[in-house]
Amino acid sequence: MNGLYIIPALLPIFGGLVLLCVNHFSSAGKDFGKKKSLGLEAYVLGLTLINSLVLAWLILHFGHGQRRVLFRLFGNLTVMFCLDGMGKVFGGIIAFLWPLAVLYSFEYMRNETRKATFFSYYLMTYGVTAGIAMAGNMTTLYLFYELLTLVTFPLVLYPMTREAAQASRRYLYYSIGGAAFAFIGLVFIMSFSRSKTTVFIAGGALDLTRALAQKNVLLFVYVLAFFGFGVKAALFPCHGWLPRATVAPTPVTALLHAVAVVKSGAFAILRLTYFSFGTTFLRGTWAQWVVLCAAMLTIVYGSTMAVKEAHWKRRLAYSTISNLSYILMGAVMMSPLGLAAALSHMVFHALMKICSFFCAGAVMHQTGKTHIYELDGLAKQMPLTFVCLTAASLSLVGIPGFAGFISKWNIARAAFGLGLDKALAKGEKSLSWLGFIAVAVLLYSALMTAVYMLTVVVRACFPQICPENENLSKKEKLQKNEYLSQNNNLSKKETRSAKKSLDPNLFMLAPLVIFAVLILAFGIHSQPLMKLLLEIGGEAG
């Protein structure tokens, strides 16, 4: 039965490789998806559903501490799978969201070429992300973390434009640089671990007697590894790849920003902090001060830049930069409540952000509109799409009754002292004021989120009250004037045609509705989930 552990990671990788090979050698190199798109979709969806069902079964039936060693690299370095509480949370996110993302992508990619190539890497990304969720030690997590770069790089490059080439290179350079810093952390964890391995242990794996003798060195290594893994979590100043990656198709950017890449970075930081170095070693130190300040700076930067951005997907990218650091800020409170709050925002942000990106993708797919100024009055033509976007937007702001409020409230509680009480009990008062600054940062970000998310909804629903002056570059102003000129010159026939319903079909609309309903459901009744997350926080924090 332990052999089931390998299926969620290896089945999609193997299935994607098979699809890639078949596409390469069949039909004299022609695109596999052109003649057999129905078979392609059945194959991809079938593998995805099987994988999600197996992963869900493992989450529900396997207890903590059950480990499966796949193979030994050398010495004490092993590739090991283990599903503990935190791994089950991340695994549950990807097991639920991936089939819906695949369903959405079928319609979005309907008229695209090279669909088989796209879906082969899409499948492999699922397997690699599942491997990160199930990693039982830092060695395994690091290996899959590196693989994630390799399988997502072609997805960013998929449009094969100059912008896509530049974005993919930047993504590759950032990821390789971050992985180098993370590798330093891996080496030191193994050197100072109690077990002489990199296995994850709740509360930390370091031998504190030896670690305290080299405390400042290890704290410096922790900060390096934090920023190394923080590259994929878009931590400032390692965020530059993320806004540019929006050139990829929306199903890719949704996964990059909501499920796979950025969440893997945040998940790796949670593992590093709570299961490798340990909060006993880190709490109240200058390293905690540094990473907490970095998270707060990223929240302020991301939310401010989102307000200034007129391109819809890039605006959502900056929103992702800000919201990911909510997770990191909760985590580096280094308390049970802080970890629970971080995990809750990991879950809720995945729903909010994938819903937001899929709404943007639906608009782009149905109308070709990519900028905020093009959305005036569009809610009348796409009412269901914008209802779902409104739910996601209100949740991102943190309005009570929506899921985002729950996680932000718990992060604020952790910041107000519950996350720093143990440090204060030791007389380490230098961090107490940071908790109040963290709450101020949350409030500022909530205000900025209301501006950059709700203005989209307002423009779509009430175009007559939209502001005329926006933060546009000269090129964007020219594009806006050209768009307005073309719009004013529409014939009566074209105007009547433009008023017809443009909501997408069921493939794209069903995931949006499901996400919106879950956002509301968690906002109204999140107690069972929070109870589970607090138990995980109590074990590790």
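Keep in mind that what you see is a predicted model, and the values were worked out from it rather than measured. (Residues numbered from 1 in each chain as written. Predicted model: local features only at pLDDT ≥ 70, side-chain atom pairs only at ≥ 80, totals over all residues. Heavy atoms only, no water.)

A.B. asks: For the nonpolar core, give the residues involved together with the corresponding values.
C.D. replies: By size, the foremost hydrophobic cluster in this structure holds 182 residues, and its most contacted members are Tyr222, Phe226, Phe277, Trp312 and Met329. Here the element with the most residues in this core is helix α16 (residues 336-367); it accounts for 20 residues. Apart from the residues lying within four places of it in its own chain, the contact partners of Tyr222 are Leu272, Thr273, Phe277, Leu282, Ala287, Val291, Val332 and Met334. (Core = buried A, V, L, I, M, F, W, Y, C linked by side-chain atoms within 4.5 Å. Buried < 20%, exposed > 50% of the residue type's maximum accessible area, 1.4 Å probe, protein only. Helix = DSSP H or I, 4+ residues; strand = E, 2+ residues; numbered from the N terminus. Contact = heavy atoms within 4.5 Å.)

A.B. asks: Describe the side chain of Ser276, and please don't skip the residues or the numbers.
C.D. replies: Along the chain, Ser276 turns up in helix α12 (residues 261-277). Setting aside residues up to four positions removed in sequence, Ser276 forms contacts with Met138, Ile189, Phe200, Gly204, Ala205, Leu206 and Arg271.

A.B. asks: Break down helix α9 (residues 215-230) for me, citing the residues and quoting the values.
C.D. replies: Over its 16 residues, α9 runs 22 Å from end to end, which matches the ideal 22 Å to within 8%, given 1.5 Å per residue. Of all 16 residues in α9, 12 are buried, a share of seventy percent or more. Looking only at α9, the buried set comprises Leu218, Leu219, Val221, Tyr222, Val223, Leu224, Ala225, Phe226, Phe227, Gly228, Phe229 and Gly230. (Expected span 1.5 Å × (residues − 1).)

A.B. asks: Account for unusual backbone geometry, naming residues and giving values.
C.D. replies: In this structure, the amide linkage connecting Phe236 to the following residue, Pro237, adopts the cis form with an omega of 5°. Non-glycine residue Ala234 carries a positive phi angle of around 55°. Along the chain, the position of Ala234 falls in the loop between α9 and α10 (241-244). A relative accessible area of 0% means that Ala234 is categorised as buried.

A.B. asks: Which residues make up the pairing of strand β1 (residues 67-74), and what are the values?
C.D. replies: The side chains of a regular strand alternate, residue by residue, between the two faces of the sheet. The sheet contact formed by β1 and strand β2 (residues 77-82) spans six bridges and is antiparallel. Within the sheet, the bridge partner assigned to Arg68 lies in β2 and is Phe81. (Pairing = 2+ DSSP bridges.)

A.B. asks: Could you give me a rundown of the packing of aromatic side chains, with the residues and numbers involved?
C.D. replies: As enumerated under the stated definition, the model contains 25 aromatic pairs in all. On the basis of an interplanar angle of 5° and a centroid distance of 3.7 Å, the ring pair of Tyr104 and Phe358 is categorised as stacked. Remark: Phe358 occurs in helix α16 and Tyr104 occurs in helix α4 (residues 85-108); sequence separation between them is 254 residues. With centroids separated by 5.0 Å and ring planes inclined at 85°, the aromatic side chains of Tyr145 and Phe229 adopt a geometry described as edge-to-face. With a gap of 84 residues between them, Tyr145 in helix α6 (residues 138-157) and Phe229 in helix α9 connect regions that are remote in the sequence. Each member of the pair, Tyr145 together with Phe229, is buried. Members of the aromatic cluster, joined through ring pairs, are Trp98, Phe106, Phe118, Phe119, Tyr122, Tyr126 and Tyr158. Over the ring of Tyr158 we find Arg114, and its NZ or CZ is 4.3 Å from the ring centre. (Phe/Tyr/Trp six-rings, centres within 6.5 Å; stacked < 30°, edge-to-face > 60°. Lys NZ or Arg CZ within 6 Å of the ring centre and 35° of its normal.)

That's the geometry; what it means functionally is another story.
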